[in-house]
Amino acid sequence: MTARNLLLAGAALTLSGCISLLPESQTSSLYRLSNHVPETEVASHDLPVVRIARPIAPRALSGDRIALDAGEGRIAYVAGANWISAVPVLIQELVIDTIDRRSNVVVAARPDDGVASRWDLRLELRRFEAVYDQGSNAAPRVDVAIRARLIDAGNREVTSTRTFETSRRADGNRQALIVDAFSRAASEMSSELADWASQQVSAAEAAGGATPGEAG
């Protein structure tokens, strides 16, 4: 099943003359966001803890539907397919898992883990959608963008900020291939974010204070 059959936030969206509405009773396929960051051997003792907050997201990206950029500022959704959890939950878990796999200078934790930490990483999801930039029959491009703020919880100051943006072309115009492109784009983004957060915290810990803010 291709992603040409779409749902548009309460209305039907026409693509190539086809309108598809997903009935309430129809079962949707559930997809996970896979992590393509390879696991490396990392130390896990006596390291600074970074609390990874669940990203804030615009309403259109805050649920479990797979989003498509329908043009002119509109968001549509793949019919008959959903993420296994809400998108902000998937991103939070992906970033935590990536830091666990990749960083040897920090440890990731959730805010509700109850772990004391000097560092909080606040995330704002700005894009997480497929874009049919080459026509409705061609493989779409997946765009992921997230704004990160590293906060020193001791003085409540933002020490560094940066925006991470990645894109990945799907290998075809089918659900599974589009989901794979989402996973690969998000994995690239989380890898860059993990490296950046690790470097910022490591530098601040070594200096015994906060680093200058970094805009990106």
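Structure first, text after, so check above.
Here's a quick rundown of the structure. Here the structure is a predicted model, which is why all the values come from computation and not from measurement. Here the residue numbering is sequential within each chain, running from 1 through the sequence in written order. Local features in this predicted model are restricted to residues whose pLDDT is 70 or higher, and side-chain atom pairs enter the listing and the counts only when it is 80 or higher, whereas totals over whole chains, interfaces and linings include all residues. The side-chain values count all of the structure's non-hydrogen atoms but skip hydrogen atoms and water molecules.

1. Overview of the packing of helix α1 (residues 87-102) against helix α2 (residues 175-207)
- Contact geometry for α1 and α2: axes closest at 9 Å, N-to-C directions at 60 degrees. It follows from the interaxial angle that α1 and α2 lie oblique. Crossing of α1 against α2: the hand is right-handed. The segment α1 lies against α2, with L94, V95, T98, I99 and R102 engaging A186, S187, S190, S191, L193, A194 and D195.
- For the contact of α1 with α2, a count of residues per class yields six nonpolar, four polar and two charged. Convention adopted: a line fitted to C-alpha atoms gives each axis, helices being fitted over their contacting stretch, and angles between N-to-C directions are expressed from 0 to 180 degrees. Starting at the N terminus, helices and strands are each numbered in turn, a helix being any DSSP run of H or I of at least four residues and a strand any DSSP run of E of at least two. In what follows, roughly perpendicular refers to angles from 65 to 115 degrees, roughly parallel to angles under 35, roughly antiparallel to angles over 145, and oblique to any angle outside these ranges. Crossings are assigned a handedness: left-handed for a near helix turned anticlockwise from the far helix by less than a right angle, right-handed for a clockwise turn. By definition in these notes, contact holds between two residues if any of their heavy atoms fall within 4.5 Å. Each residue gets one label: Ala, Val, Leu, Ile, Met, Phe, Trp, Tyr, Cys and Pro are nonpolar, Asp, Glu, Lys and Arg are charged, and the others, such as Gly, are polar.

2. Digging into the pattern of salt bridges
- Any Lys or Arg side-chain nitrogen located within 4 Å of an Asp or Glu carboxyl oxygen qualifies as a salt bridge. On inspection of all chains with the given rule, the structure shows 15 salt bridges.
- The salt bridge involving R127 is made with E129; its shortest N-O contact spans 2.8 Å.
- Accessibility here uses a 1.4 Å probe with only protein chains present; expressed as a share of the type maximum, an area under 20% marks a residue as buried, one over 50% as exposed, and anything in between as partly exposed. Relative accessible area serves as the criterion here: at 26%, R127 is assigned to the partly exposed category.
- Residue E129 is classed as buried on the basis of its relative accessible area of 6%.
- The closest approach of N and O atoms between D143 and R127, which form a salt bridge, is 3.3 Å. Here R127 lies in strand β7 (residues 119-131) and D143 lies in strand β8 (residues 141-152), a separation of 16 residues in the sequence.
- What makes D143 buried here is its relative accessible area of 6%.
- Each member of the salt-bridge network shares a partner with another, and the members are D69, R127, E129, D133, R141, D143 and R169.

3. A look at the packing of aromatic side chains
- Only the six-membered ring of Trp is used, alongside the rings of Phe and Tyr, when aromatic pairs are assigned; centres must lie within 6.5 Å, and planes under 30 degrees apart are stacked while those over 60 apart are edge-to-face, with the rest tilted. As enumerated under the stated definition, the model contains four aromatic pairs in all.
- Measuring from ring centre to ring centre gives 5.9 Å for W83 and F128, while their planes differ by 45 degrees; the resulting arrangement is tilted. Here the residue W83 occupies a position in strand β5 (residues 74-83), and F128 occupies one in strand β7, the gap between them amounting to 45 residues.
- With centroids separated by 5.6 Å and ring planes inclined at 70 degrees, the aromatic side chains of F164 and W196 adopt a geometry described as edge-to-face. You can see F164 sitting in strand β9 (residues 157-169) and its partner W196 sitting in helix α2, a full 32 residues away along the chain. Considered together, F164 and W196 belong to a single accessibility category, that of buried residues.

4. Overview of the nonpolar core
- The term nonpolar core refers to a set of buried residues drawn from Ala, Val, Leu, Ile, Met, Phe, Trp, Tyr and Cys, joined through side-chain atoms within 4.5 Å. Judged by nonpolar contacts, the single largest core of 51 residues is most densely connected at L33, I52, W83, L121, F128, F182 and L193.
- Elements represented by at least two residues in this core include exactly β3 (49-52), β4 (65-71), β5, α1, β7, β8 and α2.
- In terms of residue count, α2 provides more of this core than any other element does, 13 residues in total.

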